[in-house]
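Residues per chain, in single letters:
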Amino acid sequence: MKYNHLFGPVPSRRLGISLGVDLVPHKVCSLNCIYCEVGKTTNLTIERKEYIPLNDILSELKSYLDNDPELDYITFSGAGEPLLHNGIGKVITFIKENYPQYKLALLTNSTLLYDENVRKEISEIDLLLPSLDAVSEKVFKKLNRPNSKLDNNKIVEGLIRFSKDFSGKIWLEVFIVPGLNDTIEELELLKTVIEDISPDQVQLNTLDRPGTENWIHPVTKNRMEEIAELLKPLPVEIIAKFQSRNKIRSYHKDVEQQIIETIKRRPCTDKDLSEMLGIHINEINKYLSELLHEGSVTFHQQERGLFFRAK
Ligand code: SF4
């Protein structure tokens with residue numbers, strides 16, 4: 001079966017072996033974050049609807065999961081905001097009823113958690129990875145460039161409410177953009193709100209590959225450590241990988257090109273690519289997942305693993 005809405009499984013820094021489920025097409029989102037690594041939002045919306053036919057998603061999941069793959073998580077993520085799909089609750093119930101051995105994770109930008117129905121629909125997941133980059137409306141607008149109907153107070157309130165009733169784990173991500181949300185005022189606001197959410201982990205991130213706007217820079221390692229100190233005693237972890245921007249950009253293009261050229265000639269697994277190009281498999285996977293999202297690469301499963309080829 002050709003999978004259009006499942007991707008991976010890819011080894012992920014945070015989730016181990018994770019099968020991605022993409023519930024909205026590129027790039028339907030309620031935000032248009034300046035740092036977004038999957039490109040500009042083309043449909044900036046808060047309308048929840050069946051962006052992808054629910055039955056297509058369920059058939060793909062059935063076909064894939066009937067083979068009993070080894071996975072650490074099935075993760076709702078992808079190139080947009082998964083909660084915009086109004087069938088997410090049904091997808092969660094389908095997996096929990098038919099494949100209860102798998103844990104479910106959801107990456108969300110938190111913007112729809114103000115809606116009680118949304119909170120109910122996702123209450124059965126095991127791990128929520130919400131983002132919250134700003135508390136003040138001013139920074140929220142500059143950094144996350146939301147749909148005009150969104151109100152950050154309501155978003156924060158929704159996140160706090162969800163956290164009170166939720167029995168799974170919450171790893172909250174804060175993406176730091178220097179000059180925007182790394183001021184003392186914004187960090188103090190964030191700290192107060194995060195204390196109310198009381199997540200199991202607070203994960204600090206910054207740019208590690210080009211974002212939507214090329215004027216954004218990553219924070220330095222030292223500054224990130226200062227921010228982590230400021231947020232303590234919250235359970236803070238720095239998940240950003242620190243590389244210089246120039247290095248990322250040139251390296252990015254070279255590696256991307258090498259991968260495309262290689263898989264144009266013949267389909268390869270990530271391990272093949274890693275051996276042929278002499279690049280760590282984790283790095284290869286980072287590029288492959290980006291190329292998959294862009295749609296320039298596709299994959300199929302064979303006995304030896306997933307084979308990637310250029311479209
Ligand atoms: S919420 Fe996520 S997908 Fe949407 S624009 Fe921001 S970073 Fe990109």
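Caption draft 1: Up close: the pairing of strand β1 (residues 6–12). In terms of burial, β1 is largely enclosed, as five of its seven residues are buried. Alignment of β1 against strand β2 (residues 16–22), held across five bridges, turns out to be antiparallel. The residue bridging Leu6 from the neighbouring strand is Val21, located in β2. Counted along the chain from β1 to the antiparallel partner β2, the turn is three residues long.

Caption draft 2: Region of interest: the site of the ligand. The environment of the ligand is formed by Cys29, Leu31, Asn32, Cys33, Cys36, Val38, Thr41, Gly80, Glu81 and Asn109. Of the residues in the shell around the ligand, the class split is five nonpolar, four polar and one charged.

Caption draft 3: Focus on the packing of helix α1 (residues 54–65) against helix α2 (residues 88–98). One can describe the packing of α1 onto α2 by two numbers: an axis separation of 11 Å at closest approach and a directional angle of 25°. The pairing of α1 with α2 is recorded here as roughly parallel in orientation. Handedness of the crossing formed by α1 with α2: right-handed. Contacts between α1 and α2 involve Leu54, Ile57, Leu58 and Leu61 on the former and, on the latter, Lys90, Val91, Phe94 and Ile95.

Caption draft 4: Quick look at the confidence of the model for the chain. In this model, the chain carries a mean pLDDT of 89, and residues with pLDDT of at least 70 account for 93%. This stretch, residues 243–251, has a pLDDT under 50; its non-local contacts, to residues over four places away or in other chains, come to seven contacts.

Caption draft 5: Layout of the domain arrangement of the chain. Split into domains, the chain comes out as domain 1 (6–242) and domain 2 (246–311). Placing the centre of domain 1 and that of domain 2 at their C-alpha centroids yields a distance of 25 Å.

Caption draft 6: Focus on the sheet that holds strand β8 (residues 169–175). The strand order across the open sheet formed by eight strands is β1-β2-β5-β6-β7-β8-β9-β10, and the pairing between neighbours is mixed. Lying at the two open borders of the sheet, with one neighbouring strand each, are β1 and β10 (236–238). Direction aside, neighbouring strands of the sheet carry axes that sit 25° apart on average. Judged from the three bridges that link them, strand β5 (residues 73–77) and strand β6 (residues 104–108) form a sheet pairing that is parallel. Each residue of the ladder has a partner; that of Ile74, found in β6, is Leu104.

Parameters and conventions
Residues numbered from 1 in each chain as written. Predicted model: local features only at pLDDT ≥ 70, side-chain atom pairs only at ≥ 80, totals over all residues. Buried ≥ 20, exposed ≤ 12 C-beta atoms within 10 Å, placed from the backbone. Helix = DSSP H or I, 4+ residues; strand = E, 2+ residues; numbered from the N terminus. Pairing = 2+ DSSP bridges. Near = placed C-beta within 6 Å. Nonpolar A, V, L, I, M, F, W, Y, C, P; charged D, E, K, R; others polar. Axes fitted to C-alpha atoms, helices over the stretch in contact; angles between N-to-C directions. Parallel < 35°, antiparallel > 145°, perpendicular 65-115°, else oblique. Left-handed = near helix turned anticlockwise from the far one by under 90°. Contact = placed C-beta atoms within 7 Å. pLDDT = per-residue confidence, 0-100. Domains from an automatic or database assignment.

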